[in-house]
Amino acid sequence: MSKLAPSILSADFSCLAQQIGLIEEGGAEYVHMDVMDGAFVPNITFGGPVVKSIVAKTSVPFDIHLMIEKPELRIPDFVTPQTEFIVVHQEACTHLHRVIQQIKDLGVKAGVALNPATPVCMLEHVLGDLDLVLVMSVNPGFGGQKFIPAAMDKIRLLDRLRKEHGYRYVIEIDGGVNLSNAAAIRDAGCDILVAGSAVFGAEDVPARVREFRTILSGEQA
Ligand code: DX5
Ligand code: ZN
């Protein structure tokens, strides 16, 4: 069974707590928070104060996706009682091994994201340390982009590597996920699917979360 992490990038920021309430009502397992700095990616979204303001408003665990340069300077800002994962980009870290240890030392699960052009082998020597690998299936920075199919090969490779070596990371995908491709992504071995516009663009957000969860539970082909 795979899990759903709706991305609030496509939510109505003027009423964020209410929007997160909708995905909680639908039974979403995580809330995916896209932090953008206007340097690593072209957009700016929000930072630690916004993340912290949500803590008292929901019980859904946080999946924090840092699309920022020098994430090592900011990681403590995102540690809250509800932070399950902090994910940094491989491309943003000169000293990736150190950043992974920094996240884990703060008592949070550590993830690394790979842009579409970055091969899995860039993580070869840290895969055993990771709690999560995030495969980007779009170039980061914007919601509503088209799924890049080569991401499926990365999921299969990461699934094979963890079986061969006994690694314990979960595999997450982010970008262009919708009701039509969710079953195939689940079947490739992906554990957590991020979906932004496909969730918050729906008329009935809790119902859309339930539709995804039915697919991800494996009850529907
Ligand atoms: C893209 C973000 C994604 C984004 C996905 O840079 O990391 O989390 O919200 O949006 P959709 O699901 O609309 O592609
Ligand atoms: Zn994201």
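Residues numbered from 1 in each chain as written. Chains lettered and ligands numbered in written order. Predicted model: local features only at pLDDT ≥ 70, side-chain atom pairs only at ≥ 80, totals over all residues. Heavy atoms only, no water.

Points about the site of ligand 1
Around ligand 1, the surrounding shell holds 20 residues, and the nearest of these are Asp34, Gly141, Asp174, Gly196 and Ser197. Between Ser7 and ligand 1, the recorded distance is 2.8 Å, taken from a side-chain N or O atom to an oxygen atom. A distance of 2.8 Å separates an oxygen atom of ligand 1 from a polar backbone atom of Gly176. Here ligand 1 has 380 Å² of accessible area as a free molecule, and 100% of this is covered by the chains. Broken down by secondary-structure element, the contributors of at least two residues to the shell around ligand 1 are strand S2 (31–36), strand S3 (62–67) and strand S8 (192–195). Tallying contributions element by element places S2 first for the shell around ligand 1, with three residues. Classifying every residue of the shell around ligand 1 by side-chain character gives eight nonpolar, ten polar and two charged. (Near = heavy atom within 4 Å. Polar contact = N/O pair within 3.5 Å; in protein donor to acceptor, adjacent residues only side chain to side chain. Areas by Shrake-Rupley, 256 points an atom, 1.4 Å probe, with all protein chains shown as cover. Helix = DSSP H or I, 4+ residues; strand = E, 2+ residues; numbered from the N terminus. Nonpolar A, V, L, I, M, F, W, Y, C, P; charged D, E, K, R; others polar.)

Description of the coordination of the zinc ion (ligand 2)
With distances of 2.0 to 2.3 Å, the protein atoms coordinating the zinc ion (ligand 2) are His32 (NE2), Asp34 (OD), His65 (ND1) and Asp174 (OD). Taken together, the six donor atoms surrounding the zinc ion (ligand 2) define angles of 70 to 170° at the centre, an arrangement classified as octahedral. Mapped onto the sequence, the residues coordinating the zinc ion (ligand 2) show the spacing H-x1-D-x30-H-x108-D. Exposure class is identical for His32 and Asp34. Each is buried. (Donors = N, O, S within 2.8 Å, 3.2 Å for Na, K, Ca; no water. Tetrahedral: all angles 85-135°; square planar, octahedral: opposite > 155°, others 65-115°. Buried < 20%, exposed > 50% of the residue type's maximum accessible area, 1.4 Å probe, protein only.)

Here we look at the pattern of salt bridges
Under the defined criterion, the tally for this structure stands at eleven salt bridges. Where Asp77 meets Arg74, a salt bridge forms, and the shortest distance between an N and an O atom there is 3.3 Å. When the shortest N-O distance is used, the salt bridge between Arg162 and Asp159 registers 3.0 Å. Of this pair, Arg162 and Asp159 both sit in helix H4 (residues 151–165), three residues apart, which is roughly one turn of the helix. Given the relative accessible area of 14%, Arg162 is considered buried. With relative accessibility at 12%, the residue Asp159 sits in the buried group. Through salt bridges with shared partners, a single network forms among Asp159, Arg162, Lys163 and Asp191. (Salt bridge = Lys/Arg side-chain N within 4 Å of Asp/Glu carboxyl O.)

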